[in-house]
Amino acid sequence: VAIKVSAQTPAGSLRCLQRPLSVLSSTIINTETKQRQQQTSHYFFNTCNSSQRLFSTTINESSPSSSNGASSSSSAFDSRNPNASNTDDVEKASSSDLSPALPPLTSEEYNPKFMSDQIHKMAGYNQGRKIGQTHSNIKNRKRFERKWDFESVRLALDDYERHLQYVLDHLQRGDNKHSSDAKDLFANIHPSKAKCFETHRLLSSSTVSKAARALTRSRMDTPLLSRRIRDMERLVGKIGWTPITEELSYRLLEANGKAGNVRRTLALLELRRSRGYPPREQENAKYKGANPHLIPGEKEFLHAITSIQSAQLPLRRSRNIYLHESTFSESALDNPTRYLDAILINMSKRGVPLRPDMAARMLDCYASTGRTGRAIHYFYKVRRDPVEDDGTYIPGPHPTHLGKEGLEDWKTEKRGEGVTRVLATEVSENVSNGLDGDELKEEGELGLKGLNDDDSETQSSMPTQSNRRSKIRMAMQPLPPFHKIPGSVKGVPLIRNRYQPITNEGPSKANETSSDEVQNKTMTKYEWELDRDWSLALTAAFAFADSLTHGACGHDPIELDIVGWNILIKACCRRGAIHRALKILNETMPQKGVEPDTYSYNTILAALARVGDTRYLQEYLIGMTNKGVKVDKYTAQAMVDGFLNVGDIQGATSLVQDIFNQHDTLPPYTSHLKIIEFALANGLIFEAKRHVYFIQQLWKWQPSQHHDEKFCQLMEETKRNPKLSREAVLKLFRYFGEDLSDQDFF
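Structure report, in brief. (Residues numbered from 1 in each chain as written. Predicted model: local features only at pLDDT ≥ 70, side-chain atom pairs only at ≥ 80, totals over all residues. Heavy atoms only, no water.)

**Considerations on the overall build of the protein chain**
For the protein chain, the count of helices and strands is 35 helices and 14 strands. Buried positions account for 48% of the 746 residues belonging to the protein chain. For the protein chain, restricting intrachain contacts to residue pairs at least 6 apart in sequence, the fraction spanning at least 24 positions comes to 71%. Accessible area for the protein chain stands at about 37100 Å²; split by element, carbon and sulfur atoms hold 49% of it. (Helix = DSSP H or I, 4+ residues; strand = E, 2+ residues; numbered from the N terminus. Buried < 20%, exposed > 50% of the residue type's maximum accessible area, 1.4 Å probe, protein only. Contact = heavy atoms within 4.5 Å. Areas by Shrake-Rupley, 256 points an atom, 1.4 Å probe, with all protein chains shown as cover.)

**So, the side chain of Asn602**
Mapped onto the elements of the fold, Asn602 is located in helix α28 (residues 598-610). Side chain to side chain, Asn602 and Asp632 meet in a polar contact 3.0 Å long. There is a polar contact of 2.4 Å between the side chain of Asn602 and the side chain of Thr635. Dropping the residues within four chain positions of it, Asn602 is found in contact with Met624, Asp632, Tyr634 and Thr635. (Polar contact = N/O pair within 3.5 Å; in protein donor to acceptor, adjacent residues only side chain to side chain.)

**Considering the pairing of strand β10 (residues 468-476)**
Taken across its 9 residues, β10 has 7 buried, putting it largely inside the fold. The pairing of strand β6 (residues 380-386) with β10 spans 7 bridges and is classified as antiparallel. Of the residues in β10, the one forming a bridge with Arg384 is Ile472. (Pairing = 2+ DSSP bridges.)

**So, the packing of aromatic side chains**
Per the stated rule, a full pass over the model turns up 10 aromatic pairs. Ring geometry for Tyr616 against Tyr620: centres 5.6 Å apart, planes inclined by 65 degrees, an arrangement best described as edge-to-face. Within this pair, Tyr616 and its partner Tyr620 are both found in helix α29 (residues 614-626), separated by 4 residues, close to a single helical turn. Both residues of the pair, Tyr616 and Tyr620, count as buried. On the numbers, 5.5 Å between centres and 90 degrees between planes, the contact of Trp701 with Phe711 is edge-to-face. In this pair, Trp701 is assigned in the loop between α33 (685-699) and α34 (709-720) and Phe711 in helix α34, connecting sequence segments 10 residues apart. Exposure class is identical for Trp701 and Phe711. Each is buried. Feature note: the residues Phe660, Phe694, Trp701 and Phe711 constitute an aromatic cluster, connected by ring pairs. For the cation-ring pair, Lys583 lies above Tyr526, with the distance from its terminal atom to the ring centre recorded as 5.3 Å. (Phe/Tyr/Trp six-rings, centres within 6.5 Å; stacked < 30°, edge-to-face > 60°. Lys NZ or Arg CZ within 6 Å of the ring centre and 35° of its normal.)

Written as structure tokens, this is what we have:
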């Protein structure tokens, strides 16, 4: 029987090998390469007793290898992040290294009836939904208001997996394991006849589908969820007595989509198409009400798109910004075009039309791979300077390279110059009372003796490092280079040195034969960003969007809506092509009759803030307000981030006040804390107190007839926010070694 199955690794964060689905026959396996062999488990479907059941077979299938062999040193993921991984790491690690095996199940613990009931309960477990006050069933309201107990779901799934392993061990050591009758197979699985009979229910399609749905509600991290769904499929497939039904195939599709198993998800889509299963639609009435334009049948294709974005999670978490994207392997899913085409083909064959909303979701896969190095810049570093035993602090970097004696001489010199200052700590209060260092040591007031106590005053003191108090200081870095700031470059021609990928044989032959004029071609920054070598994934994103407007994979041509254009702007900003994003915002969208909205401008402003372009930030904020586009909290957040990145703390504080007075908008509470932290870390105590004064004005704010209900609710939430309370502000100041007196408050 020739079938298509997914080629996925049994463990690891990414569960997909980026190549076409292998076509397996009874004895012939055709693969693209045979450089390295890997054991993978696949399922195929066979006809037995007028029903199709899951079986398993172990095959040898090659996995893609890098051009440099197994000793490739470059990785698309940052090795400093523990969540980062790629397929090369997965191939070297075993499943036991990634997760410990569950303890085996004993005969006394085997209870298939109870286990089946638990799985059905966990699959339908309430996830925090509440019933309104007008609900007729008042008695059951508390039952629906309970919290989502995902730990119970995880424990039930662990027990279910142990039960499946128990059944598999019984079949492997049984004398009648080749029997085609289920009664003979499970007759001696347990001394109790009732438990033997209930084993059929444990392996039924209904129970397995409920287990797959419970996995999606277990709140597991994506890499762990990917491993668990594959382990469960492998156990059920090896047992071989679970018929594939429409419900089971859909629940497996849903679970694999959330887990990021791209190839497995596409294989299940193809299975449902080949069997003539109708495309599923959303069964949640609330979801339908929130999405009235959702066409029946789109839900399972949304799961397929979700699988791509889930597989891109390592790139979003820990993308290696120091590597050019052309050095990334295909397994990183930086360019998901081939998988999106497969989804479009399946939709076309099953009669589901393509809408602009679905097209926007597909385009979002190009903007879900994190930011490249061209889109970000490190503006500052956080330093920790030690505080002396008597509570004094010497500002500036400490020359630790001079040695212990040289450092003491430097401290003595600074003390003589009068540059030291006493910090607002428990020690400094005692020093101000006339106690010197020796007396403090005798009384036990010095050092870290009381840092582990439960006293709130002690817990909110300064941070420690090497058993000494430390002063947090911020060291500002140089600004980004000229070509990285759009407000500085504009349309100025630049000499671009083309990127040359390095291989074992050295630079590519095409680049060697090209002339110096081609290598150092003069072009504007916008032309530079249009070049294919700037970003292959970004070029693929615009090519994919253009194909949708002309009709792709059997679908009718469509026009992108505001959401689709916003996604393209987002993809440009994530790749550092800000000039290209500005071109879409200023020219392309108006030509298409699409007016930019708040999200369009916020995406641009956030990208400008990450490179510290305060000039363009102010210009586009003015243009945004002149066109009547609403300013929201994310607009204010982007403006604050841009000014803080370049060290303009005074401008950030003034900007928050101006936006509040003119547009009745406040940034998220984290922006207020960020302004205070930047001011204290840079030694601008009075700027920090100035923003505290503004926060106190928010505490005293009273509504008027000119304010709408939404703004009044925002102000009430801000005043009740515990992170902006007086105690929280005092704790933040003490963390930086400063203090607020009663005179600093109203």
